[in-house]
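For reference, the chains in residue letters:
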Amino acid sequence: MPSAPCIALVDCNSFYVSCERVFNPNLAGKPVVVLSNNDGCIVARSPEAKALGIPMGSPYHKHKATLQNAGAIALSSNYELYGDMSHRVYDVLFASVPEVEIYSIDECFLDLTGFAHLGTDGLMEFCANLREKVLRWTGIPTGIGIASTKVLSKVANQVAKKSVGGVAELLTDELRDRLLANLAIEDIWGINRRLGVRLRSHGIATAANLRDAPEALIKQIMGIVGVRIMYELRGLSCLPLEAIAPSQKHMICSRSFGQPITTMAQMHESISHHAARAAAKLRHRKLRTSVLGVFLTTNRFQPNDPQYSNSVTISLPTATNSSQVLIRYAKFCMTSIFRDGFSYKKCGVSLNDLSSVDAVQLDFLAPAVDRHDEKLMEVMDSLNKRYGSGTIRFASEGMKQDWKMRSDMRSPRYTTRWDELLVVKAN
DNA sequence: TCTGGGGTCCTAGGACCC
DNA sequence: TCTGGGGTCCTAGGACCC
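So, here is what we can say about the structure in this document. From a predicted model like this one, the values you see are computed outputs, not experimental measurements.

Let us look at unusual backbone geometry. The backbone phi angle of D39 is positive, close to 55 degrees, even though this residue is not glycine. Positive phi outside glycine occurs at D353, with the angle close to 55 degrees. Within the element layout of this structure, D353 appears in the loop between β12 (344-352) and β13 (355-356). Under the relative-accessibility criterion, D353 is labelled partly exposed at 48%.

The biggest cluster of nonpolar side chains holds 37 residues, and the ones touching the most others in it are F15, L93, L110 and L112. Elements with a minimum of two residues in this core: β1 (7-12), α1 (15-23), β2 (32-35), α4 (79-94), β6 (107-111), α5 (119-138) and β7 (142-147). Looking at this core, the element that brings in the most residues is α4, giving 7 residues. In contact with L110, other than residues within four places in its own chain, are C6, I7, A8, V10, V97, E99, V100, L130 and L241. Among the nonpolar cores identified, the runner-up in size contains 35 residues, and L326, C347, V349 and L351 belong to it.

Before going further, it helps to examine the protein's contact with DNA strand C. Lining the immediate surroundings of DNA strand C are Y103, S104, D106, E107, K154, I188, W189, G190, I191, N192, R194 and L195. Here the atoms of DNA strand C within 4 Å of the protein split so that 100% fall in sugar or phosphate, with bases taking the remainder. Interatomic distance of 2.9 Å between a side-chain N/O atom of K154 and a phosphate oxygen of DNA strand C. Between DNA strand C and the protein, one listed contact pairs a phosphate oxygen with a side-chain N or O atom of R194 at 3.4 Å. Taken together, the residues of the surface near DNA strand C break down into 5 nonpolar, 3 polar and 4 charged.

Our focus in this paragraph is a nonpolar patch on the surface. Together, V379, L383, Y387 and I392 make up a nonpolar patch on the protein surface, roughly 330 Å² of accessible area in all. Mapped onto the elements of the fold, V379 is located in helix α13 (residues 371-387).

This part covers the sheet that holds β2. Across the sheet, 3 strands lie side by side as β3-β2-β4; this open sheet has mixed pairing. Two strands lie at the open edges of the sheet, namely β3 (42-45) and β4 (73-76), each paired on one side alone. Neighbour-to-neighbour, the strand axes of the sheet open up by a mean angle of 30 degrees, direction not taken into account. Strand direction decides the pairing type here: β2 and β3, joined by 3 bridges, are antiparallel. Following the sheet pairing, V34 is matched in β3 by A44. Sheet strands touched by α1: β2, β3 and β4. Its angle to β2, the strand with the most contacts, is close to 110 degrees.

Let us look at α5. When the terminal C-alpha atoms of α5 are compared, their 28 Å separation across 20 residues agrees well with the 28 Å that a helix rising 1.5 Å per residue should span. When we look at burial in α5, the residues that qualify are G122, L123, F126, C127, L130, R131, V134 and T138. Tucked inside the fold, the buried residues of α5 contact α1, α4, β6, β7 and β8 (167-169). Positive phi shows up at G139, right after α5, with a value of about 85 degrees.

Okay, the environment of K50 next. With respect to the element layout, K50 can be found in helix α2 (residues 47-51). Sequence separation of K50 and P31 is 19 residues, and the distance between their C-alpha atoms is 8.0 Å. If sequence neighbours within four positions are ignored, K50 has contacts with S14 and R45.

Once that is clear, we can look at the pattern of salt bridges. What the rule picks out here adds up to 19 salt bridges. The shortest N-O distance in the salt bridge between K375 and E378 comes to 3.4 Å. Placement of both K375 and E378 in helix α13 is noted, with a separation of 3 residues, approximately one turn of the helix.

Rules behind the numbers
Residues numbered from 1 in each chain as written. Chains lettered and ligands numbered in written order. Predicted model: local features only at pLDDT ≥ 70, side-chain atom pairs only at ≥ 80, totals over all residues. Heavy atoms only, no water. Helix = DSSP H or I, 4+ residues; strand = E, 2+ residues; numbered from the N terminus. Buried < 20%, exposed > 50% of the residue type's maximum accessible area, 1.4 Å probe, protein only. Core = buried A, V, L, I, M, F, W, Y, C linked by side-chain atoms within 4.5 Å. Contact = heavy atoms within 4.5 Å. Near = heavy atom within 4 Å. Polar contact = N/O pair within 3.5 Å; in protein donor to acceptor, adjacent residues only side chain to side chain. Nonpolar A, V, L, I, M, F, W, Y, C, P; charged D, E, K, R; others polar. Patch = residues over 30% accessible without salt bridge, like charges linked within 9 Å, V, L, I, M, F, W, Y side chains within 5 Å. Areas by Shrake-Rupley, 256 points an atom, 1.4 Å probe, with all protein chains shown as cover. Salt bridge = Lys/Arg side-chain N within 4 Å of Asp/Glu carboxyl O. Pairing = 2+ DSSP bridges. Axes fitted to C-alpha atoms, helices over the stretch in contact; angles between N-to-C directions. Expected span 1.5 Å × (residues − 1).

Dropping the structure here:
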């Protein structure tokens, strides 16, 4: 007889801040925040910053004074570093557990069903060792929550983060009941403020309330998604662990501009840049696209300025991942929606109908695959991999790139650029 | 002055088919 | 006077996640 499912959620603590702290000991013990692209919002906070009452996802400028008065350090985001550190953490986990589902840059689920014979204490010890190994080999602290479903493992993880050992289990009924009775509805994975308000209006205010609610009512309020969460809270697994990632369906490359831009020439540069980035991402993931969208928008936070946003989507004659081809179509699309007289805040490229490079639908009337172009992309990718992305790029992406985002406080890319390696001085 | 970017899934409604 | 029922596919928009 198969044993009941056992799932562990590993979540890196204040991940971006932790990555920064690995390489910069001056950040230890101080309030530290990491900002989103363009230094816009606060997307990671050290425990000290959380203690100052700095909320997640809030605009940086609203809290700048508070942070400065507290001697806090704000950093621009350094995704190259975080992405690489994430790989290192997962490499440690892959080596210890056969079934791992990567959920995000800083979170993954482990299937520990096969380890159930260890018993609860044994599982706790196994996870404590795993956590210790990740910390020692990468410098990243984590919390691990163990339970019988994904939703419950999220709850267990919240407990783990607050515990001394950083590991918590929710496998026993009594412990689980007690926790769920005290857990606010909005603190459940998949239920945010908006749904929380609706559920509360029906008298459902805690996780225990949701677990015990009538199925028909939950179906009516939240649809099938809510019913799944309800069953997961009851300990019935409805969200299977996916060790093999399903293929990606959609991709977006977009950025806000560092400063508003007004001319078609700048827009063409910027959209070419996004198209080239998107194409490189496609090649890296061994994908092609056959539907390209381009969008632009003015600054919605400036309602007194004239507002305009638009988008256009086209089908490509053949699925492609060529930068040249995508740049050409993206510029064409941009020309069709650009209007003079506006101050633009953001533009981007979206790709739909992604397919694997190994499975492309051929067409008698479509142009043949351009081998010369493929070779060119290969050479570009290998140069950019070796010397850093952006080393070689298309002229249409612009030289000055004065629309580029702000990133004034970025730390060095310690692990992915030779010229930004950590320097250690010894006496 | 200053408000991110990149994803997923689900549902409702329209077009179309037999 | 009478005006079906059932199905698929696609898309836009809404909700959520980190």
